[in-house]
Structures are given as C-alpha cells and as structure tokens.
Amino acid sequence: MYVLKGVLFLIGMCAFCVLFGEPNENIDAMDLVVLKTLAVGVLCGVVLCYFRTMGKKEYDDMMNEEV
C-alpha cells in the first residue's frame, strides 16, 4: 500500500510541476491549455486514488478531524 501511495505522490508532483511550471519552448497557446488541463485532471485523479487507498479508520479520522 505504501508503494502505491509513493507512486501516486510522484505522479502528483510531476503533474504539479507541469501545471505551475513555465514552458521553455515555443509552444502554441492551445497546446499549452491542453497540457495544463491534463495536469489538473491528473492531480484530481491522484487525490481520488489516494482517498481510495486509505483504510476506513484512517479516512474516518481524517474526516472527523476538527480544524
């Protein structure tokens, strides 16, 4: 389970860098929009997969935590 969470973390960090990084090549605006949109989708997918890998007790503790 920890290996899966580690892989999700690495994928999420790559998507984060793509989302907030500056393009260093001559890239069309439409290609840039598609790239950034895919990065947002990957980040959402990583978060959803992370929640799916949590145990029930861990999930309940996180949801019942007060700020």
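Residues numbered from 1 in each chain as written. Predicted model: local features only at pLDDT ≥ 70, side-chain atom pairs only at ≥ 80, totals over all residues. Heavy atoms only, no water.

**Examining the packing of aromatic side chains**
Formally: Centre distance within 6.5 Å is the pairing criterion for rings of Phe, Tyr and Trp, where only the six-membered ring of Trp is used; planes under 30 degrees apart are then read as stacked, over 60 as edge-to-face, and the remainder as tilted. Secondary structure elements are defined from DSSP: runs of H or I of at least 4 residues count as helices, runs of E of at least 2 residues count as strands, and each element is numbered from the N terminus. With a 1.4 Å probe rolled over the protein chains alone, any residue whose accessible area is under 20% of its type maximum counts as buried; one over 50% counts as exposed, and the rest are partly exposed.
By the definition in use, this model includes three aromatic pairs. With centroids separated by 4.8 Å and ring planes inclined at 55°, the aromatic side chains of Phe 16 and Phe 20 adopt a geometry described as tilted. Within this pair, Phe 16 and its partner Phe 20 are both found in helix H1 (residues 2–20), separated by four residues, close to a single helical turn. Overall, the relative accessible area of 59% leaves Phe 20 in the exposed class. When the ring of Phe 51 is compared with that of Tyr 59, the centres are 6.3 Å apart and the planes differ by 80°; the resulting orientation is edge-to-face. A relative accessible area of 34% places Tyr 59 in the partly exposed class.

**Focus on helix H2 (residues 29–53)**
Note the cut-off: Expected span of a helix: the number of residues minus one, times 1.5 Å. Note on contacts: a residue pair is in contact if any heavy atoms of the two residues lie within 4.5 Å.
Relative to the 36 Å expected for 25 residues at 1.5 Å per residue, H2 spans 36 Å between its end C-alpha atoms, a close match to the ideal helical length. Of all the positions in H2, only Lys 36, Ala 39, Val 46 and Thr 53 are classed as buried. The secondary structure elements touched by the buried residues of H2 are H1.

**Here's the deal with the side chain of Thr 53**
Counted only if it meets this: A 3.5 Å cut-off defines polar contacts: any pair of N or O atoms within that distance qualifies, except that in protein one atom must be a possible hydrogen donor and the other a possible acceptor, and neighbouring residues in sequence count only when both atoms are side-chain atoms.
Along the chain, Thr 53 falls in helix H2. Take Thr 53: its relative accessible area is 14%, and that puts it in the buried class. Polar contacts involving the side chain of Thr 53 include one to the main-chain carbonyl oxygen of Tyr 50, which spans 2.8 Å. Residue contacts for Thr 53: discarding those within four places in its chain leaves Met 1, Leu 4 and Lys 5.

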